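Below, each chain spelled out in residue letters.
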Amino acid sequence: MSDSGHTLPDDISGLKLKIPFVTREQINVAEARNIADAMAKLLVNRHLPDIDIVTMQKLHRQMFGKVWTWAGEFRTVNTNIGSPATRIQEDLIILLHDLAAWDKTLESGVRLHHRAVQIHPFRNGNGRWARLVMDIWLRKNCGLAIAWPADDTMTSSIRNEYIWALKQADKLEYGLLEILHERYVYSV
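The structure contained in this document is the topic of the report that follows. Since the model is a prediction, treat every value here as computed from it, not as a measurement. (Residues numbered from 1 in each chain as written. Predicted model: local features only at pLDDT ≥ 70, side-chain atom pairs only at ≥ 80, totals over all residues. Heavy atoms only, no water.)

### Re the overall build of the protein
Filter applied, for reference: Segments assigned H or I by DSSP are reported as helices when at least four residues long, segments assigned E as strands when at least two residues long, and all are numbered from the N terminus. Radius of gyration means the value over C-alpha atoms here, while the globule rule gives 2.2 Å times the residue count to the 0.38 power. Classification of residues uses two cut-offs on accessible area relative to the type maximum, computed with a 1.4 Å probe and protein chains only: under 20% is buried, over 50% is exposed, and between them is partly exposed. For this analysis, residues touch if any pair of their heavy atoms sits within 4.5 Å. Computed with a 1.4 Å probe, the accessible areas rest on the Shrake-Rupley method; for each residue, only the protein chains presented here act as cover. As used throughout, the charge tally considers Lys and Arg to be positive and Asp and Glu to be negative, leaving His and the chain termini uncounted. A charged residue contributes its charge at one atom only: NZ of Lys, CZ of Arg, CG of Asp or CD of Glu.
Scanning the protein from N- to C-terminus turns up 7 helices and 2 strands. Mapped in sequence order, the helices and strands of the protein form the string α-α-α-α-α-β-α-α-β. Taken against the 2.2 N^0.38 rule, which gives 16 Å for 188 residues, the C-alpha radius of gyration of the protein at 16 Å falls within 12% of a compact globule. Taking the principal axes of its C-alpha atoms as reference, the protein extends roughly 50 × 35 × 35 Å. The 188 residues of the protein split such that 45% are buried. Looking at the protein alone, contacts between residues at least 24 apart form 62% of all its contacts between residues at least 6 apart. Summing over all exposed atoms, the protein offers an accessible surface of approximately 10100 Å²; the carbon and sulfur share of this is 53%. Between the averaged position of the 23 positive side-chain charges in the protein and that of its 22 negative side-chain charges there is a distance of 6 Å.

Structure below.
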């Protein structure tokens, strides 16, 4: 698949859009609108939810549910990245237990973000979902938020830097990912 946005996505099973020929660009636009709606509803609410398994699934459903039937459902097949499908819930529970023991700092938010992406619990949208989970946790626990330059992961000006920083974090080298977050952090 090319990055032009005009190609047919590899897998459109579960797609809710009712148009005759669907391009990756159309899906990106629909997902971005769905995410913007979900974030607007969530962040206008002064009472942010606690981060738990149910909330994680609900957030994904809110972010992608107008576009995909499988939104909010953990993937059931193994992929070339992420936890084995049979370990997703267990790995998320371990992450949540670790999170409860960590200090309430930006560094902990960065680690939450990385581990959520690394577990890769959903068929798609894991990076965008992990950033929102982290944002909710940071807002609720640290009075901080991250203002990424763009939420379209296909064209973001920092995409390559972000992917590289995640790969370094996979090796437990969090410095680049922390620096990237520090660049866009602000107080709420």
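Here the narrative resumes.
### Some remarks on helix 2 (residues 53-64)
An α-helical segment advances 3.6 residues per turn. Residues three or four places apart therefore align on the same side. The criterion, for reference: Take the residue count of a helix, subtract one, and multiply by 1.5 Å to get its expected span. Within 3.5 Å is the distance limit for a polar contact, defined as a pair of N or O atoms, with the added protein rule that one can donate a hydrogen and the other accept it, and that residues adjacent in sequence qualify only through two side-chain atoms.
Its 12 residues give helix 2 an end-to-end C-alpha distance of 17 Å, which sits within 8% of 16 Å, the value for a rise of 1.5 Å per residue. Of the residues making up helix 2, those classed as buried are Ile 53, Thr 55, Met 56, Gln 57, Leu 59, His 60, Met 63 and Phe 64. The inward-facing, buried residues of helix 2 abut helix 1 (24-44), helix 3 (88-101) and helix 5 (126-142). Near the N-terminus of helix 2, the side chain that reaches the backbone nitrogen of Val 54, with its oxygen 3.2 Å away, is that of Asp 52.

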